[in-house]
Amino acid sequence: MTAGALGRRHFLALATGAAVTAAVPRRARATERPLRGGVLKQIGLEPLTFDVHATASCETQLVSSLVRRTLFKVVHGARYRPSDFTLAPDLALSALVSAGGRTYTITLRPDVRWESRPPVNGRELVAADVKHSLERALRKSPYAPLLGPVERIDAPDRRTVRVHLADSFAPFVHSLAEPWSAIMPPEVEDRPGDLKATESLIGCGPFMLERYEPGVKAVFSRNPTYHARDLPYLDKVEWLFIKDRSMQLALFRAGQVDLPYHDARVPRSEVSALRRASPGFPVTSWDGLAVRSLAMRTDRPPFNDVRVRRALSLAVNRKTWVAEHLEGEGAEDHGPVPSAMRQWTLAARQLGEGARYLEHDPALARKLLAEAGFAAGLKVKCTNWPGYGPEYVADLERLARDLRRVGVELQIVNEEHGQYIRGSFLGRFDETSWGPSSIFTEVDGYLYSALRRGQAGNRSHVADAQLDVMLEAQRRIISTSARKQIIDEIQRRAAAQVYYVYTPYPRTVSSWAPRVRNYGPKNSFDRGAQLEVVWLDQA
């Protein structure tokens, strides 16, 4: 049952064994049994910090999820689609929402223990741990507003957590399944004094941090006291900090690594060669759950003039971009809701006035720029992080060429990763910044974060009173159909005002070693839930 399906009196009944049983593919049940053992080697970027509550970094969420767990999780395994966000129990068994939608009573599993090492020494996870972690996330996380209007959190007994909201909040349970809301023991923070430290990576998840070699790798071993007694199947996961893309692919083709990236992606340009050289390797393409956009300081000239913003959007030839440069394998990404969220996203033809500014019309773009006082064009500084890969860099250059044709010179400024995540990714730039959004399993993460006044994810510094009202309203509505009507209007308003210039997003192509079984790409940063159900064919 998804969070959107929760009624006012509905009980989120998630049986203890459901996640484990459901995670095994149907075909695997009939033809093969999961195997224990082996070391999975995966390419992954090194996190800047291990404090998952205090950063927007996806690298931290990915690594943290192997060790730290959340109250709920989404289903994983080969049988599930990348954007199947059906909820399953994790540290919690159930969540009961009150008639008014303002109080959630969460029942914890009785058999969860922290790792058997200091300072937790294998003690039981209790409600006080959950209360502490959620309150800490509310204080520190850039994503804290996505937990909704929390007034207070109580722990009436060892296995019960009660969250009181100021108003009903439809996405609440889904937010409890995001890696940035992970549960951590209070004494870990007390002991090292700094959750950025490696020593703080202690949890109750499927894996434990065995060894950390800065700049080289992190090694995770099976947690023998994990509450799902049969999981994980793997003995170890080696998370390799290899930045060079050509080296990543060379190791993958040579069979030295099992997964060539954190989501197993391979460059589109490499797919044909991979199929020829390694015909037994699975290859699949899927719609990623992110959007890419040019964020603009709409609180400053010249981007506080809607004519300038519309001109930039009209300059982008989205159809040609997808047809010629992405070989038709991509979404034109016309708005804040990613195309993979088919339940919520609107087609361009449904956007009303905003659809006009998604067309490629250089003449109108130059006319609007002239009306705004920029007949001679303008120069714009654009920050980005090139570490997303060479195809990302090529797409940014493609955007710059489109803008140049209408007289806008995009001056690209490459930033290092830490500078970008702490600055441009959170809207701290002077003029414009280009890059992908984070990914969320609930539509509110895309809308509220990017468009609500004052939010950390509001990179364009949008301050639109009409949008603010609608953004708050859609959060309070439990009925999916009624909520969708408001979300549709939010997309229409955002499209007409062009607060971001959305650019095409390529379909993701993933591949993995044939020995990796029950692996399914997932639009999530929760690698712990993904890899706990994977096993290795040792033949």
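Residues numbered from 1 in each chain as written. Predicted model: local features only at pLDDT ≥ 70, side-chain atom pairs only at ≥ 80, totals over all residues. Heavy atoms only, no water.

*Asks:* Please clarify how the overall build of the protein should be interpreted in this entry.
*Replies:* The secondary structure content of the protein amounts to 17 helices and 22 strands. On C-alpha atoms alone, the protein measures out to a radius of gyration of 23 Å, which is about the 24 Å that the 2.2 N^0.38 rule sets for 539 residues. Seen through its principal axes, the protein has C-alpha atoms that stretch 70 × 60 × 45 Å. Per-residue burial for the protein yields a buried fraction of 60% across its 539 residues. Looking at the protein alone, contacts between residues at least 24 apart form 71% of all its contacts between residues at least 6 apart. For the protein, the exposed area adds up to about 20,200 Å²; of that, 50% sits on carbon and sulfur atoms. If you average the places of the 75 positive and of the 61 negative side-chain charges in the protein, the two averages end up 2 Å apart. (Helix = DSSP H or I, 4+ residues; strand = E, 2+ residues; numbered from the N terminus. Rg over C-alpha atoms; globule rule 2.2 N^0.38 Å. Buried < 20%, exposed > 50% of the residue type's maximum accessible area, 1.4 Å probe, protein only. Contact = heavy atoms within 4.5 Å. Areas by Shrake-Rupley, 256 points an atom, 1.4 Å probe, with all protein chains shown as cover. Lys, Arg positive; Asp, Glu negative; His and termini not counted. Charge placed at Lys NZ, Arg CZ, Asp CG, Glu CD.)

*Asks:* What's the story with the confidence of the model for the protein in this structure? I'm lost.
*Replies:* Segments scoring low in pLDDT should not have their predicted coordinates read at a detailed level. Considering every residue of the protein, the mean pLDDT works out to 91; 93% of them sit at 70 or more. Below pLDDT 50 for its whole length, residues 1-30 participates in 72 contacts with residues either more than four positions away or in separate chains. (pLDDT = per-residue confidence, 0-100.)

*Asks:* Whenever I open this one, the pairing of strand β9 (residues 207-213) confuses me. Can you help?
*Replies:* A regular strand places its side chains on the two faces of the sheet in alternate fashion. Here β9 runs beside strand β10 (residues 217-222); their pairing, made up of 6 bridges, is antiparallel. Each bridged residue has a counterpart across the sheet, and for arginine 211 the counterpart in β10 is valine 219. Linking β9 back to β10 in an antiparallel pair, the connection comprises 3 residues, with glycine 215 at a positive phi of about 80°. (Pairing = 2+ DSSP bridges.)

*Asks:* I keep staring at the nonpolar core and nothing clicks. Help me out?
*Replies:* When a protein is soluble and globular, its nonpolar side chains tend to lie buried together. Leu40, Leu71, Ile106, Leu108, Leu125, Phe220 and Leu451 are the most contacted members of the largest nonpolar core, which has 114 residues in total. For this core, the element with the highest residue contribution is helix α14 (residues 443-451), accounting for 6 residues. If near-sequence neighbours (up to four positions away) are discounted, leucine 451 is found in contact with Pro336, Asn458, Val462, Leu467, Asp468, Leu471, Ile490, Ala494 and Tyr500. Listed in part, the 32 residues of the second largest apolar core include Phe303, Val316, Tyr392 and Trp434. (Core = buried A, V, L, I, M, F, W, Y, C linked by side-chain atoms within 4.5 Å.)

*Asks:* Explanation requested: the environment of tyrosine 499 in the structure shown.
*Replies:* If you trace the backbone, tyrosine 499 turns up in the loop between α16 (480-497) and β18 (500-503). Classification of tyrosine 499 as buried rests on a relative accessible area of 8%. In sequence terms tyrosine 499 and alanine 463 are 36 residues apart; their C-alpha atoms lie 9.7 Å from each other.

*Asks:* It is not clear to me how the sheet that holds β10 should be interpreted in this structure. Could you clarify?
*Replies:* Through backbone hydrogen bonds, the strands of a sheet pair up, either in parallel or in antiparallel fashion. Across the sheet, 4 strands lie side by side as β2-β11-β10-β9; this open sheet has mixed pairing. Single-partner strands in this sheet number two, and they are β2 (39-43) and β9. When the angles between neighbouring strand axes are averaged without regard to direction, this sheet yields 20°. Its contacts with the sheet place helix α3 (residues 58-67) against β9, β10 and β11 (236-240), and it is angled at close to 130° to β9. (Axes fitted to C-alpha atoms, helices over the stretch in contact; angles between N-to-C directions.)

*Asks:* So what exactly am I meant to see when it comes to the side chain of arginine 136 here?
*Replies:* By secondary structure assignment, the location of arginine 136 is in helix α4 (residues 127-140). A distance of 2.9 Å separates polar atoms of two side chains, one belonging to arginine 136 and the other to aspartate 51. For arginine 136, the residues in contact, after removing those within four places along its chain, are Asp51, His53, Ser141, Met184, Glu189 and Leu195. (Polar contact = N/O pair within 3.5 Å; in protein donor to acceptor, adjacent residues only side chain to side chain.)

*Asks:* Help me understand the environment of aspartate 488 in this model?
*Replies:* Along the chain, the position of aspartate 488 falls in helix α16. By relative accessible area, aspartate 488 is classed as buried at 11%. Excluding anything up to four places from it in sequence, aspartate 488 contacts Trp344 and Leu346.

*Asks:* I tried to follow the packing of aromatic side chains on my own but got confused; where do I start?
*Replies:* Aromatic ring pairs: the centre-centre distance and the angle between the two ring planes describe each pair. Tallied over the entire structure, the rule returns 15 aromatic pairs. Between the aromatic rings of tyrosine 388 and tyrosine 420, the centroid separation amounts to 6.4 Å while the plane-to-plane angle is 85°, which identifies the pairing as edge-to-face. With a gap of 32 residues between them, tyrosine 388 in the loop between β15 (378-384) and α12 (390-404) and tyrosine 420 in helix α13 (residues 417-422) connect regions that are remote in the sequence. Aromatic rings pair up to connect Trp385, Tyr388, Tyr392, Tyr420, Phe425 and Trp434 into one cluster. Above the ring of tyrosine 261, the side-chain terminus of arginine 245 is found at 4.7 Å from the ring centroid. A cation over a ring is seen here: arginine 292 above tyrosine 505, with NZ or CZ 5.1 Å from the ring centre. (Phe/Tyr/Trp six-rings, centres within 6.5 Å; stacked < 30°, edge-to-face > 60°. Lys NZ or Arg CZ within 6 Å of the ring centre and 35° of its normal.)

*Asks:* Explain the packing of α14 against α16 to me, please; I cannot follow it from the model alone.
*Replies:* Following both chains from N to C, one finds α14 and α16 inclined at 40°, their axes separated by 12 Å at the closest point. If you check the angle between α14 and α16, you find them oblique. As for the relative orientation of α14 and α16, their crossing is left-handed in sense. Seen from α14, the contacting residues are Val443, Asp444, Leu447 and Leu451; seen from α16, they are Arg483, Ile487, Ile490 and Ala494. Of the residues contributing to the contact of α14 with α16, the split by class is 6 nonpolar, no polar and 2 charged. (Parallel < 35°, antiparallel > 145°, perpendicular 65-115°, else oblique. Left-handed = near helix turned anticlockwise from the far one by under 90°. Nonpolar A, V, L, I, M, F, W, Y, C, P; charged D, E, K, R; others polar.)

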